[in-house]
Amino acid sequence: MAKYIDEDNDYLVIKAKSKIVENLIRMGKLSLKEIADIANVTIDFVIAIQQKLSTDK
């Protein structure tokens with residue numbers, strides 16, 4: 001990423017990664033570790049999105 005964007009704290013980057021993780025979870029074909037690796041996030045981030053999706057149902 002550009003040197004001017006703090007990828008860990010930028011709202012739009014986090015929102016985009018959340019959406020990617022959300023879509024990969026909904027596909028249901030990948031493990032949490034695989035999703036984390038693809039989206040370049042932590043497993044804890046993936047689990048948080050997964051929990052949010054399960055409470056939204």
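Overview of the structure. Sequence order as written defines the numbering, with residues in each chain counted from 1. The predicted origin of the model limits local features to residues at a pLDDT of at least 70 and limits the giving and counting of side-chain atom pairs to 80 or more, whereas totals for whole chains, interfaces and linings rest on all residues. Only heavy atoms go into the side-chain values, all of them from the structure, while hydrogens and water stay out.

## Remarks on unusual backbone geometry
Not every positive phi belongs to a glycine, and Asn40 is a case in point at roughly 60 degrees. The way it works is that DSSP assigns letters per residue, a run of H or I at least four long becomes a helix, a run of E at least two long becomes a strand, and they are numbered from the N terminus. Examined against the element boundaries, Asn40 turns out to sit in the loop between α2 (32-39) and α3 (43-56).

## A word on α2
Burial classes follow relative accessibility: with a 1.4 Å probe on protein chains only, a residue under 20% of its type's maximum area counts as buried, one over 50% as exposed, and anything between as partly exposed. All of the buried residues along α2 are Ile35, Ala36 and Ala39. End-on view of α2: buried residues confined to an arc of 100 degrees, all on one side of the axis. For α2, exposure combined with an orientation more than 90 degrees from the buried face picks out Asp37 and Ile38. Considering only its buried residues, α2 is in contact with α1 (11-27) and α3. Positive phi shows up at Asn40, right after α2, with a value of about 60 degrees. Relevant arc is that of directions from the helix axis to the C-beta atoms, nothing else. Residues are treated as being in contact if the distance between any of their heavy atoms lies within 4.5 Å.

## Section: the pattern of salt bridges
What makes a salt bridge here is a side-chain nitrogen of Lys or Arg within 4 Å of a carboxyl oxygen of Asp or Glu, nothing more. Per the stated rule, a full pass over the model turns up four salt bridges. Taking the shortest distance from any N to any O, the salt bridge between Asp56 and Lys52 comes out at 3.2 Å. Within this pair, Asp56 and its partner Lys52 are both found in helix α3, separated by four residues, close to a single helical turn. Lys52 gets classed as partly exposed once you look at its relative accessible area, which sits at 44%. Connected through shared salt-bridge partners, Lys19, Glu22 and Arg26 make up one network.

None of the figures reported here should be taken as evidence of function without further support.
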